[in-house]
Each structure stands twice: as structure tokens, then as C-alpha cells.
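Structural description and commentary
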Number of protein chains: 2
Amino acid sequence: LTVGIVGLGLIGGSFAKSAKEFGHTVLGFDLSEQTYLEAKLFSTVDGVLDNASLGKCEVVLIALYPSAAVRYIQEHLAYFKKGGFVIDCCGIKRVVCDAVQSIADENGFMFIGGHPMAGTQFTGFKHSRSTLFKNAPIILTPPDSVSSDILMLERLKQFFIGLGFGSVIFTSPSEHDKMIAYTSQLAHILSSAYIKSPSAMGHKGFSAGSYKDMTRVARLNEDMWTELFMDNRDYLSAELGILIDNLTEYKSVVDSGDKAALHTLLREGKEIKERVERS
Amino acid sequence: LTVGIVGLGLIGGSFAKSAKEFGHTVLGFDLSEQTYLEAKLFSTVDGVLDNASLGKCEVVLIALYPSAAVRYIQEHLAYFKKGGFVIDCCGIKRVVCDAVQSIADENGFMFIGGHPMAGTQFTGFKHSRSTLFKNAPIILTPPDSVSSDILMLERLKQFFIGLGFGSVIFTSPSEHDKMIAYTSQLAHILSSAYIKSPSAMGHKGFSAGSYKDMTRVARLNEDMWTELFMDNRDYLSAELGILIDNLTEYKSVVDSGDKAALHTLLREGKEIKERVERS
């Protein structure tokens, strides 16, 4: 296939590298000409993705922030290949899908919301790699017109499995955003809040694996995450509320000195963890 | 040296294995005869640690819960080698050191509070391994009589470096307990609270590395941690309060929709993380 990739950062760059490895022809675009030239120099892309070459791409992957992804699609409606797939890679799906789903139908291409569940605390093309998605899940939120077409879903699945993904999950934008508020967004806020204790500066030598795990993603890209969090305020706020309530319950029990109650809270947590892992 | 090890679980078993690898003679004891026999069968211990053989041990490591460690020391005062080291491995230090430091002096052995900064979410002898402490720090809280003796500190340091530790940190029981409330205890409570969202059961396919990191240690030993948390209530409660306040600040900003304020909170967190890593 000819695959177009818009945005050659960590995610777009990794898509380009894995698509090349699979044997696809890759056309790329980045706002930074230097990034594009670097990708070209390393043969990560075969050529430039522009208004003319967009029409050759059976698949276009858009690896930009949500607002920029929406803008890119709105500005290139006439150039996408008729009947081709246009797939974004944003961490939230409702705002993107709501903005472009119907105009995609009107303009004869298939828009699919996408979210590859992989990343690192580092950003940019220099950290991208062909193995970033290896065995990871990718979540897709196709519109009804695609969901009802088994052959179309199978084509999408095979495309991503070919790039190294371990599984393809089809769901709705709303269900995606609800789950992602818990599994990813809450974890990032928590990591950022955790590092703000005055004790953080003295931790050296006093930390084991659990501390490192808790604070790893505090090193985040605040531009991107501000946008992702604000676009998912309802679900994120609900998860934050649940976590704060639960922590407050542990604190009350610690303060009261009630050993049996603390033991119960911890045992319940362990049992849920075990149940979740078995599921 | 002849090293006595009391309690052959994850920590005691790992000490036994690394001490054997280094070439020490290892005498062991466990309340479970089956665990002792297993350790003997695998040549992890050379023989049994009892009232008679305790007196041969230049170093005795006590890898029990805090209350059991204190009790063991109180019940074996007469049997420890005069001038020998007795070192506990508990995750909190004030309650242990306060209970036994002075009776150690009176009975002619040197008690040193110890806390190896390594572990896993699994427990028991079958998970112990000689490499558990490789490059990890160990924290020691020696009394003034030992702290003022550079040669004695050097002997202690060389003993633990010989077992594979990367560094030996000398501090006070109180400073230890304050830091550990933040770096380890808070992380465990948080992991346990995090898994309690109703969203946890549906996470499959929606989780990346950050979620796994946040919930890893929810699978904890609730008997041990209840005791550790309750013995460190003052410092732990303070850290929980700080974290809840910080999370509440993030939630307020998310709820208000103030993008600039959220961006600032996230940038501050990233900068602290970077400063902590450089320190």
C-alpha cells in the first residue's frame, strides 16, 4: 500500500518506520522541514506527502494533536483518495470524531478514529522506532457504515497487525474516552501530583521500584496533555473524584488507627487486582 | 563470616542465597519447618540457626515483620554473639530501633536498623533470589556508638556491598521513616486505591505502560503492609494529605476548564521530575 503519514513525531515516526519495514510505500509530512529531511535521509519516508500525493494513499495516518488533526482533515477534504482510509492517532476520540466523521462521508473517504496504545515519556522523531507498537493494542472507533462491514473491519485489522500490533479493538468514541480517562489520563495526572511532595528532592537512595513506577510519566509533554485532558474533562474529572475519595478513605483509616479496617481495604485492593488480571 | 538469617521469606531467602554465593557460612531459621527444609535441600543454608548456633554468628539478619523481629530479639538476648552485629530488615525503623537499641547495648551486641530497598510484589522463599539486591541501596540506622566509629561503618558497608548492594546509606530511624512514607508506603496505598475504580474491570486493551506501573503493587501482602503503615501513621498520613491536596488542585483546574492553569501544573510537575532526576 501507499501510506501517508502526517506528523513525524514519536507516533508518526514509529508508524513510518514500521510501515517501511512491512514493505509499504511511505509518504510523510511534518511542519518542521528539518524533521522531514531527517526522515528522508534515514529512508524512513520515500517521499513527501502533499496535496498531489495525498490522492495516492490508500491509508493516511494523522499523528497530530487533536485540534491540529481536525484542522488538517478540514483543510484537505478534496485531496484524500476516494474510498481510502483516513485514521487519526489522537489520545481522545469524541472531539475528533464528532468534528470530522460526517464531512468524511460527504467527501467520499472513510474516517476512522484510532489510538495506538503505546508511547514513552519521550517525544519526537528521534525517539521513534519500528518496534514501538510491537504487541500493543490499537483502539479503532469506526462509524456505523464501516462497523457493519465485516470485510472492511478485517482489512483494517490486517493492516495494523501487519505493523506489529498485538490486537485491534473496535469500540465507540465515548467508551474509548471513558476508559482512557482511567487507564492513561488519571495515571499521568497522578504521576505529576505525586512528584510534588516536598519529600521528592530527598528521595535518593530511599526509593525502590514502586516510586520509580509512580513518577515515571511526570515527565510529560504539557502542551499535548493539556489538550487531551481538557478535551476529556467529564470522564477525567469523574475518575479523579473516585481516586480522591478512595485515598481519603485510606487516610481516614490510617488516622483512626483501625488496623482491621486498613487490612480490609488492602485485601480488597489485592483481590480486585487479581480479578482484573485474570479477566 | 558465619551469617545467621531469621525468616527465610523473600528477603531472608534472598539474603541467604547472596551470602552463600559470596562464600559466607549461612545458618537459617524459619517458623515453617518446610521452608527451612527446602532451603537446606537447595543448599541455601548450611545448617539450622538455634540458641546454640546463634553465638557463632558474626552477623544475624532478622527478616521478619516488625513486631516479630522485636520479639525475636527480646527472646534471644542471651544467645547473640558478644560484639556481633544484629541487623533487622524491616520497612520501618523507629518502632524497631526504639524497642531494642538499648537492650542490645546492655547485652553486649550491636543492633543496627536495616532496610534493603528491594522487593517484588511476590512473597515467600520460592521468589527469593541471590540477585534481588543487585545494585540496590540498603539503608542502615546505626546507634551513635556505631556511627562514631568509622571502621565499624566501613565493615558494615563492605559486608553489604559484598552481597551485591550498590550503595549503603546511613541515616536516622526518623529520617528513614519520613522518606519511606513517601517513596514506598504512599506508592503502595495509591496503587491499592487506583485499582478500586469501577473502570478497572474493563481496562483490557485500553491500558499502556502507565496503567500497569500504577497498579503493579496493588497485589501486596496485606498482613505485612498493615503493620508497616500503622507503625508509621504520622508520616504516612502527612504524605497522603499532601497528595490528596495536590490531586484536588488538578481536579479543580480540570473542572474549571482553565487551560493555562492546567498547563502550569503539568509543567511544574515535569520540571520537578527533571530536577529530582538530576539531583
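The notes below deal with the structure included here. (Residues numbered from 1 in each chain as written. Chains lettered and ligands numbered in written order. Predicted model: local features only at pLDDT ≥ 70, side-chain atom pairs only at ≥ 80, totals over all residues. Heavy atoms only, no water.)

**Quick word on empty space enclosed by the protein**
Condition: Every definition here rests on a 1 Å grid over the protein atoms only: cavities are sets of points where a 1.4 Å probe fits but cannot get out, pockets are open sets enclosed by protein on both sides within 12 Å along at least five of seven lines, and lining residues have some atom within 4 Å of a point. Grid points are joined across faces, edges and corners, and a volume is the space filled by probe spheres set on the points. Comment: elements are numbered from the N terminus, with helices defined as DSSP H or I runs of at least four residues and strands as E runs of at least two.
Here the structure, examined in full by the defined rule, presents one cavity of 30 Å³ or more. Of the voids in this model, the largest cavity is the one considered here, and its volume is about 30 Å³. Among the secondary structure elements, those contributing two or more residues to the lining of the largest cavity are helix 8 (173-194) and helix 11 (233-256) of chain A together with helix 8 (173-194) of chain B. It is helix 11 of chain A that provides the largest number of residues to the lining of the largest cavity, a total of four residues.

**Some words on the environment of S210(A)**
Put simply, the rule is: Under the scheme applied here, a residue whose accessible area is under 20% of the maximum for its type counts as buried, over 50% as exposed, and between as partly exposed, the area being computed with a 1.4 Å probe on protein chains only. Contacts are assigned to residue pairs with any non-hydrogen atoms lying within 4.5 Å of each other.
Note on placement: S210(A) falls in helix 9 (residues 209-215). Its relative accessible area of 5% is what places S210(A) among the buried residues. Residues within four places of S210(A) in sequence aside, it is in contact with T183(B), S184(B), A187(B), H188(B), R216(B) and V217(B).

**Let's talk about the relation of the copies chain A and chain B**
Applied cut-off: Least-squares superposition of the copies uses the C-alpha atoms of those residues scoring a pLDDT of at least 70 in each of them.
Placing chain A over chain B gives an RMSD of 0.0 Å and needs a rotation angle of 180°, together with 0.0 Å of translation along the axis. The superposition operator between the copies reduces to a two-fold rotation axis. In terms of proximity to the rotation axis, the leading residue of chain A is D213(A), whose C-alpha is 2.5 Å off the axis. A high fraction, 100%, of the interface residues of chain A reappear at the interface in chain B, so the copies pair face to face through one surface.

**A word on the interface of chain A and chain B**
By a frequent convention, interface size equals the accessible area lost on bringing the separate parts together. What counts, and what does not: Throughout, buried area stands for the accessible area (probe radius 1.4 Å) lost by two parts on being put together, summed over both. Salt bridge criterion: a side-chain nitrogen from Lys or Arg within 4 Å of a carboxyl oxygen from Asp or Glu. Polar contact is defined as a pair of N or O atoms within 3.5 Å, subject to the rule that within protein one atom must be able to donate a hydrogen and the other to accept it, and that residues adjacent in sequence are counted only when both atoms are side-chain atoms. Each residue is assigned to one class: nonpolar for Ala, Val, Leu, Ile, Met, Phe, Trp, Tyr, Cys and Pro, charged for Asp, Glu, Lys and Arg, and polar for all the others, Gly among them.
At the interface, 89 residues of chain A touch 89 residues of chain B. Note on chain A versus chain B: buried area summed over both sides is about 8500 Å², and carbon and sulfur give 67% of it. When the area that chain A buries against chain B is broken down by residue, the three leading residues are Y182(A), K196(A) and F206(A), summing to 10%. In this structure, the connection of chain A to chain B is made through eight salt bridges. In this structure, the salt-bridge partner of E268(B) is K196(A), at a minimum N-O distance of 3.3 Å. Inspection of the region where chain A meets chain B yields 34 residue pairs in polar contact (both at pLDDT 80 or more). Going through the elements one at a time, strand 7 (137-141), helix 8, helix 9, helix 10 (222-230), helix 11 and helix 12 (259-278) of chain A are the ones with two or more residues in the side of chain A that touches chain B. In terms of residues, the side of chain A that touches chain B owes the most to one element, helix 11 of chain A, which gives 18 residues. Looking at the side of chain A that touches chain B, its residues break down into 41 nonpolar, 26 polar and 22 charged.

**Concerning the packing of helix 8 of chain A against helix 8 of chain B**
Put simply, the rule is: Fitted lines through C-alpha atoms give the axes, limited to the stretch in contact for helices. The angle between two N-to-C directions lies from 0 to 180 degrees. An angle counts as roughly parallel when it lies under 35 degrees, as roughly antiparallel when it exceeds 145, as roughly perpendicular when it falls between 65 and 115, and as oblique in every other case. By definition, any crossing whose near helix is turned counterclockwise from its far helix by less than a right angle is left-handed, and any crossing with a clockwise turn is right-handed.
Packing of helix 8 of chain A against helix 8 of chain B brings their axes to within 13 Å, and their N-to-C directions diverge by 155°. If you check the angle between helix 8 of chain A and helix 8 of chain B, you find them roughly antiparallel. The interaxial crossing formed by helix 8 of chain A with helix 8 of chain B has right-handed handedness. Within the contact between the two elements, helix 8 of chain A uses Y182(A), T183(A), L186(A), A187(A), L190(A) and Y194(A) and helix 8 of chain B uses Y182(B), T183(B), L186(B), A187(B), L190(B) and Y194(B). Across the contact of helix 8 of chain A with helix 8 of chain B, the residue classes break down as ten nonpolar, two polar and no charged.

**Considering the sheet that holds strand 4 (residues 59-62) of chain B**
Think of a sheet as strands paired side by side through backbone hydrogen bonds, with each pair either parallel or antiparallel. All names here are of chain B. Quick note on the threshold: Strands pair, by our definition, only if DSSP identifies at least two bridges between them.
Spatial strand order, 3-2-1-4-5-6-7-8: eight strands in an open sheet with mixed pairing. Each of the sheet's edge strands pairs with one partner strand only, and the pair in question is strand 3 (47-48) and strand 8 (167-170). Bridging between strand 4 and strand 5 (residues 85-88) involves four bridges; their strand directions are parallel. Bridge assignment links L61 to a residue of strand 5, and that residue is I87.

**Details of the nonpolar core**
For clarity, the cut-off: In plain words, nonpolar cores are sets of buried Ala, Val, Leu, Ile, Met, Phe, Trp, Tyr and Cys residues tied together by side-chain atoms within 4.5 Å.
Y194(A), L243(A), L247(A), Y194(B), L243(B) and L247(B) are the most contacted members of the largest nonpolar core, which has 62 residues in total. With sequence-adjacent residues up to four places away left out, Y194(A) is seen in contact with Y211(A), M214(A), T215(A), Y182(B), T183(B), L186(B), A187(B), L190(B) and L243(B). Within the second largest apolar cluster, 35 residues are counted, among which are I11(B), C89(B), I112(B) and L163(B).

**Section: the side chain of N232(B)**
Residue and element names in this part refer to chain B. Structurally, N232 is set in the loop between helix 10 (222-230) and helix 11 (233-256). Judged by relative accessible area, which is 0%, N232 ranks as buried. A distance of 2.7 Å separates a polar atom in the side chain of N232 from a polar atom in the side chain of R94.

**What to know about the sheet that holds strand 1 (residues 2-6) of chain A**
All names here are of chain A. If you trace the eight strands from one edge of the open sheet to the other, you get 3-2-1-4-5-6-7-8, paired in mixed fashion. Two strands in the sheet have a free side with no partner beyond their single neighbour: strand 3 (47-48) and strand 8 (167-170). Across five bridges, strand 1 lies against strand 2 (residues 25-29) in parallel orientation. Note on strand 2: the bridge partner recorded for I5 is G28. Sheet strands touched by helix 4 (residues 66-75): strand 1, strand 4 (59-62), strand 5 (85-88) and strand 6 (110-116). Its angle to strand 4, the strand with the most contacts, is close to 145°.

**With respect to the side chain of D88(A)**
All names here are of chain A. Counting through the fold element by element, D88 comes out in strand 5. Only 2.9 Å separates the side chain of D88 from the side chain of K93, close enough to count as a polar contact. Setting aside its immediate chain neighbours within four residues, D88 contacts I62, K93, V96, F111, I112, G113, G114 and H115.

**Quick notes on the pattern of salt bridges**
Tallied over the full model, the rule gives 22 salt bridges over all chains. Put simply, E271(B) and R267(B) hold a salt bridge, and the shortest N to O gap is 3.4 Å. Linking E271(B) with R267(B), this pair stays in helix 12 (residues 259-278), spanning four residues, or about one helical turn. Judged by relative accessible area, which is 34%, E271(B) ranks as partly exposed. What you see here is one network of salt bridges that share partners, running through R94(A), D177(A) and D234(A).

**A closer look at unusual backbone geometry**
Most peptide bonds take the trans form, and the phi angle of most residues other than glycine is negative. Within the chain, S43(A) stands out as a residue other than glycine whose phi angle is a positive 55°. Positionally, S43(A) belongs in the loop between helix 2 (33-41) and strand 3.

These values are about where atoms sit, not about what they do.
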